[in-house]
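Tertiary structure, described
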Amino acid sequence: MIHYSLICDKSHKFDGWFSNAAAYDAQKLRGLITCPICLTTSVDKAIMAPSVARTDGEKVSLSIGHPQHNQLRDAMLALRNKVTSEADYVGDKFADEARKIHFKEVDARGIYGEATREEVASLIEEGVDFMPLPTVPEEHN
């Protein structure tokens, strides 16, 4: 999986995850990459520092103080709610079900669930297209 920092023509910055660089290029060409803030499809890769793989697996990416924090949080929550309300929850069978859909062994449908790091790596290697659901922190007042 590849992570890109993205920016729209209105200077809204956000992140995108793709199965590989070609997947980003194909989605951009088809107009499928949309800014979660203003919904424009005029989106490009932003300048970003290279990512160095870690072996400890304990670190996660975090941010604080972004001027549009609440808008971004609301957009992520809306995305998560849309997926979970329109897709089937398959629990820890996600990798198996995603493969079946990818290889057309069952009818295509939206699914969500959980997978181990090993299962995720295997899906990526097999070219199965999926994306992580955003984790939306609770509001802290």
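So, here's what we can say about the structure. Quick caveat: nothing in here was measured; it's all calculated off a predicted structure.

Thresholds, definitions, all that
Residues numbered from 1 in each chain as written. Predicted model: local features only at pLDDT ≥ 70, side-chain atom pairs only at ≥ 80, totals over all residues. Heavy atoms only, no water. Phe/Tyr/Trp six-rings, centres within 6.5 Å; stacked < 30°, edge-to-face > 60°. Helix = DSSP H or I, 4+ residues; strand = E, 2+ residues; numbered from the N terminus. Buried < 20%, exposed > 50% of the residue type's maximum accessible area, 1.4 Å probe, protein only.

A word on the packing of aromatic side chains
Evaluation of the coordinates by the stated rule reveals five aromatic pairs. Relative to Tyr 112, the ring of Tyr 89 has its centre 5.3 Å away and its plane inclined at 55°; by these criteria the two rings are tilted. One end of the pair, Tyr 89, is in strand β4 (residues 88-91); the other, Tyr 112, is in strand β5 (residues 111-113), with 23 residues separating them in the sequence. Taking the relative accessible area as the measure of exposure, Tyr 112 reaches 18% and is therefore buried. Between the aromatic rings of Phe 94 and Phe 130, the centroid separation amounts to 6.3 Å while the plane-to-plane angle is 70°, which identifies the pairing as edge-to-face.

Remarks on unusual backbone geometry
A positive phi angle, close to 70°, is found at Ser 11, a residue other than glycine. As for its position among the elements, Ser 11 is in the loop between β1 (2-8) and β2 (13-18). With relative accessibility at 53%, the residue Ser 11 sits in the exposed group. Phi at Leu 39 takes a positive value of approximately 70°, unusual for a residue other than glycine. Among the secondary structure elements, Leu 39 is positioned in the loop between α1 (21-29) and β3 (43-45). For Leu 39, a relative accessible area of 61% corresponds to the exposed category.

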